[in-house]
Amino acid sequence: MRIFKFIPELDCFIVHPEYKRIANLLGLNEWNEVVWIGRFFTLDNDYGEHWFDNWEERDKLEQQAKAVGIEYDDLLIIDPERLKNNIDGPCHSALERKFFWTDVLKSLDLSLETIIAEAIKLNNTNKEIDEPYIEELDEIIKKLKTDESVI
C-alpha cells in the first residue's frame, strides 16, 4: 500500500488518501497517520514522531497549498536537517539528503500485514495504559483482509 502522495508543484507530500483511510480505521493516527513510520526511520526511537515537525516550511507553502485544495496541516515537507545526526557525520549534503528522502517516500509501500501488526501493537498498548483503544479492532481487521472493497 502506498503511504505518501507526492505533490510536485509544492515539492512536498501528503498522506496517501487510501492509506490515510485504512490507518484511521485501524487507529494509527497519533499526531498523524505516519508517526509510527517515522520512528522506524529514526533508528526506532520517539524522535521519529517529529519527522515532519516543520511548521516554518508549511507556513511558506500555505497559500499555494490552499490554491490546489490541500490543507495546511496535511503538508508533509522533508527537512533534510531533521534527517541527519551529528554523531558520526553527516556524510551527505542537505540537498543530497532531500533528494534521497524524496525518492524513498515516493516509493514507500508497506504491506497490509505490516500496517495491521502496528495497529494491533498500538491498540494493545493503549489498552494496557488505559488510553482510548478500538474494542472491535479484530473485526475491522477481518473485514479488511476478506473484503477487498474495504481497501
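Everything below is about the structure shown above.
Our subject in this report is the structure included herewith. Everything quoted here is computed from the prediction, not taken from an experiment.

**Focus: the side chain of Thr 42**
Phase 1: Positionally, Thr 42 belongs in the loop between helix 2 (35-41) and helix 3 (55-67).
Phase 2: Judged by relative accessible area, Thr 42 falls into the buried class, the value being 10%.
Phase 3: Among the polar contacts made by the side chain of Thr 42, one reaches the main-chain carbonyl oxygen of Gly 38 at a distance of 3.1 Å.
Phase 4: Those residues in contact with Thr 42 that sit more than four places away from it in its chain are Tyr 47 and Gly 48.

**Brief notes about the nonpolar core**
Phase 1: Formed by 33 residues in total, the largest nonpolar core has its most connected members in Ile 3, Phe 4, Tyr 19, Leu 26, Val 34, Ile 37 and Ile 115.
Phase 2: Broken down by element, the residue count for this core peaks at five residues, all from helix 5 (residues 112-128).
Phase 3: Other than its neighbours up to four places away in sequence, Phe 4 contacts Phe 13, Ile 14, His 16, Val 34, Trp 51, Phe 52, Leu 76, Leu 105 and Leu 108.
Phase 4: Ranked by size, the runner-up nonpolar core spans nine residues in total, among them Leu 10, Ile 70, Leu 75 and Ile 77.

**Concerning the pairing of strand 2 (residues 12-15)**
Phase 1: Every second residue of strand 2 is oriented toward a common face, with Cys 12 and Ile 14 on one face and Phe 13 and Val 15 on the other, all of them buried.
Phase 2: Sheet analysis places strand 1 (residues 4-7) next to strand 2, joined by four bridges and oriented antiparallel. Residue pairing in the sheet places Phe 4 in a bridge with Val 15 of strand 2.
Phase 3: Counted along the chain from strand 1 to the antiparallel partner strand 2, the turn is four residues long, and its residue Asp 11 has a positive phi close to 50 degrees.

**Topic: the packing of aromatic side chains**
Phase 1: All chains considered together, the criterion is met by ten aromatic pairs.
Phase 2: On the numbers, 5.8 Å between centres and 70 degrees between planes, the contact of Phe 4 with Phe 13 is edge-to-face.
Phase 3: A centroid spacing of 5.1 Å and a plane angle of 90 degrees characterise the contact between Phe 41 and Trp 101, whose relative ring orientation is edge-to-face. Here Phe 41, found in helix 2, pairs with Trp 101, found in helix 4 (residues 94-107); they are 60 residues apart in sequence, far enough to count as distant.
Phase 4: Accessibility expressed as a relative area gives 25% for Phe 41, which makes it partly exposed.
Phase 5: Members of the aromatic cluster, joined through ring pairs, are Phe 4, Phe 6, Phe 13, Phe 41, Trp 51, Phe 52, Phe 100 and Trp 101.
Phase 6: Sitting over the ring of Phe 6, Lys 106 keeps its end group 4.4 Å from the ring centre.

**What about unusual backbone geometry?**
Residues other than glycine predominantly adopt negative phi, and peptide bonds predominantly adopt the trans conformation.
Phase 1: Backbone torsion omega between Gly 89 and Pro 90 reads 15 degrees, so that peptide bond is classified as cis.
Phase 2: Take Pro 90: it is sitting in the loop between helix 3 and helix 4.
Phase 3: The phi torsion at Asp 11 lies on the positive side, around 50 degrees, for a residue other than glycine.
Phase 4: As for its position among the elements, Asp 11 is in the loop between strand 1 and strand 2.
Phase 5: Assessed through its relative accessible area of 37%, Asp 11 is described here as partly exposed.

**Here we look at a negative patch on the surface**
Phase 1: A cluster of like negative charges, contributed by Glu 135, Glu 136, Asp 138 and Glu 139, occupies part of the molecular surface.
Phase 2: Its relative accessible area of 47% is what places Glu 139 among the partly exposed residues.

**Thoughts on the side chain of Asn 126**
Phase 1: Within the element layout of this structure, Asn 126 appears in helix 5.
Phase 2: For Asn 126, the contacting residues outside a window of four places in its chain are Glu 131, Pro 132 and Tyr 133.

**Details of the packing of helix 1 (residues 17-26) against helix 5**
Phase 1: Viewed as axis vectors pointing N to C, helix 1 and helix 5 meet at an angle of 30 degrees, and their least axial separation amounts to 10 Å. Crossing of helix 1 against helix 5: the hand is right-handed. Every residue of helix 5 that contacts helix 1 at Tyr 19, Ile 22 and Leu 26 is listed here: Leu 112, Ile 115, Ile 116 and Ala 119.
Phase 2: Among the residues making up the contact of helix 1 with helix 5, the classes are represented as seven nonpolar, no polar and no charged.

Conventions adopted
Residues numbered from 1 in each chain as written. Predicted model: local features only at pLDDT ≥ 70, side-chain atom pairs only at ≥ 80, totals over all residues. Heavy atoms only, no water. Helix = DSSP H or I, 4+ residues; strand = E, 2+ residues; numbered from the N terminus. Buried < 20%, exposed > 50% of the residue type's maximum accessible area, 1.4 Å probe, protein only. Polar contact = N/O pair within 3.5 Å; in protein donor to acceptor, adjacent residues only side chain to side chain. Contact = heavy atoms within 4.5 Å. Core = buried A, V, L, I, M, F, W, Y, C linked by side-chain atoms within 4.5 Å. Pairing = 2+ DSSP bridges. Phe/Tyr/Trp six-rings, centres within 6.5 Å; stacked < 30°, edge-to-face > 60°. Lys NZ or Arg CZ within 6 Å of the ring centre and 35° of its normal. Patch = residues over 30% accessible without salt bridge, like charges linked within 9 Å, V, L, I, M, F, W, Y side chains within 5 Å. Areas by Shrake-Rupley, 256 points an atom, 1.4 Å probe, with all protein chains shown as cover. Salt bridge = Lys/Arg side-chain N within 4 Å of Asp/Glu carboxyl O. Lys, Arg positive; Asp, Glu negative; His and termini not counted. Charge placed at Lys NZ, Arg CZ, Asp CG, Glu CD. Axes fitted to C-alpha atoms, helices over the stretch in contact; angles between N-to-C directions. Left-handed = near helix turned anticlockwise from the far one by under 90°. Nonpolar A, V, L, I, M, F, W, Y, C, P; charged D, E, K, R; others polar.

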